[in-house]
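Understanding the architecture of this molecule
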Amino acid sequence: MGQATPILFLFSSEHSNRPMKNIFILDVNNVSVIFGKVPLFSSLYLSMHAGEKVTLSGPSGSGKSTLLRCIIGFAPFSGAIHIDSEPLNTHTVWRLRRKVAYVDQEPDLGPGQVREALKRPFSYKANHAVNFDPHRVDSLFERFLLPQSLQSKEVRTLSGGEKQRVALIAALLLKRPLLLLDEAASALDANSKHQVREYLREQSELTILSVSHDTRDFTLSNSVFNIEALKKEEAR
């Protein structure tokens, strides 16, 4: 197997010999990542229908976070990734990112107040079709056990758990159909984690791929796969 080509120069959009019998919002097909000459993972398969929630587990360093970065076009890979039936490549990457929201374990919300951080994405050209909804912000703050006064605080003063919840709210406001969560609740206390988990489970039309090294207290469905299982096409 050859080395994966650097991002934004070339993505492989070749199909494997296995036909696609269903239409998936996310289809990871025979995806491999190599750093230098060392394979991080090889031949991963994962398909998700709209509204499905999947949690991906595995030890640190097994490639869980890298797979999410491949899906949003931030990491090099070989194989094929389709989002909403469209192949991810240099020609489609910017357009397909408009269908995906991503929340990192340590989100960078930028400078300024929390309210400004939540509004900022709506100034970007990619999000002009979506309107900022302050009423939904208030509702999500209440649901995620965040005081409304937090909206006027400086981002730099937030705790790790507060940052994670604000970042999740920012992602939800964009109304994108595919949500990628990279240990996005790792800093939350038990009550906050419960509130976030239950809210996400209720979103029947939202497709969520969540990464966690500890699946005991933050899974969104019964679909939990170790990353090793994806090599065996068990997640399709």
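The coordinates are above.
Attention in this report is confined to the structure presented alongside it. (Residues numbered from 1 in each chain as written. Predicted model: local features only at pLDDT ≥ 70, side-chain atom pairs only at ≥ 80, totals over all residues. Heavy atoms only, no water.)

It is worth spelling out the packing of aromatic side chains at this point. Applying the stated rule across the entire model yields 2 aromatic pairs. Aromatic pair Phe122 and Phe132: ring centres 5.5 Å apart, planes at 75°, arrangement edge-to-face. Of this pair, Phe122 sits in the loop between α3 (114–119) and α4 (134–143) while Phe132 sits in the loop between α3 and α4, and the two are 10 residues apart along the sequence. Accessibility expressed as a relative area gives 13% for Phe122, which makes it buried. With a centroid separation of 5.5 Å and an interplanar angle of 85°, the aromatic rings of Phe144 and Tyr199 are classed as edge-to-face. Taken together, the residues Phe144 in the loop between α4 and α5 (160–173) and Tyr199 in helix α6 (residues 190–202) connect sequence positions 55 residues apart. Assigned by exposure class, Phe144 and Tyr199 land together as buried. (Phe/Tyr/Trp six-rings, centres within 6.5 Å; stacked < 30°, edge-to-face > 60°. Helix = DSSP H or I, 4+ residues; strand = E, 2+ residues; numbered from the N terminus. Buried < 20%, exposed > 50% of the residue type's maximum accessible area, 1.4 Å probe, protein only.)

Turning our attention to the packing of α4 against α5. Where α4 meets α5, the closest approach of the two axes is 10 Å, and the angle between their N-to-C directions is 140°. The angle between the axes of α4 and α5 places the two elements in the oblique class. The handedness of the crossing between α4 and α5 is right-handed. Contact with α4, carried on its side by Arg136, Val137, Leu140 and Phe141, involves Val166, Ile169, Leu172 and Leu173 of α5 and no other residues of that element. (Axes fitted to C-alpha atoms, helices over the stretch in contact; angles between N-to-C directions. Parallel < 35°, antiparallel > 145°, perpendicular 65-115°, else oblique. Left-handed = near helix turned anticlockwise from the far one by under 90°. Contact = heavy atoms within 4.5 Å.)

It is worth spelling out the nonpolar core at this point. By size, the foremost hydrophobic cluster in this structure holds 36 residues, and its most contacted members are Leu179 and Leu200. Among the elements of the structure, β6 (100–103), α3, α4, α5, β7 (178–182) and α6 are those that each provide at least two residues to this core. Not counting residues within four places of it along the chain, the set of residues in contact with Leu179 comprises Ala101, Val103, Leu168, Ala171, Leu172, Leu200, Leu206, Thr207, Ile208 and Leu209. Formed by 31 residues, the second largest nonpolar core is a distinct cluster that contains Phe41, Ile71, Phe225 and Leu230. (Core = buried A, V, L, I, M, F, W, Y, C linked by side-chain atoms within 4.5 Å.)

To continue, consider the sheet that holds strand β9 (residues 224–226). With parallel pairing, the 5 strands of this open sheet are ordered in space as β6-β7-β8-β3-β9. At either end of the open sheet lies a strand with only one pairing partner, and these are β6 and β9. Put simply, the sheet's adjacent strands are angled 20° from each other on average, direction ignored. Bridge count for strand β3 (residues 53–57) against strand β8 (residues 207–211) is 4 bridges, and the pairing is parallel. Bridge pairing in β8 places Lys53 opposite Ile208. Docked against the sheet, α5 engages β6 and β7, running at close to 175° with respect to β6. (Pairing = 2+ DSSP bridges.)

Let's shift gears to the environment of Gly112. Mapped onto the elements, Gly112 comes out in the loop between β6 and α3. Residues Gly112 and Ser152, 40 residues apart in the sequence, show an inter-C-alpha distance of 9.2 Å. Gly112 has contacts with Lys153, Glu154 and Val155, leaving out every residue within four places of it along the chain.

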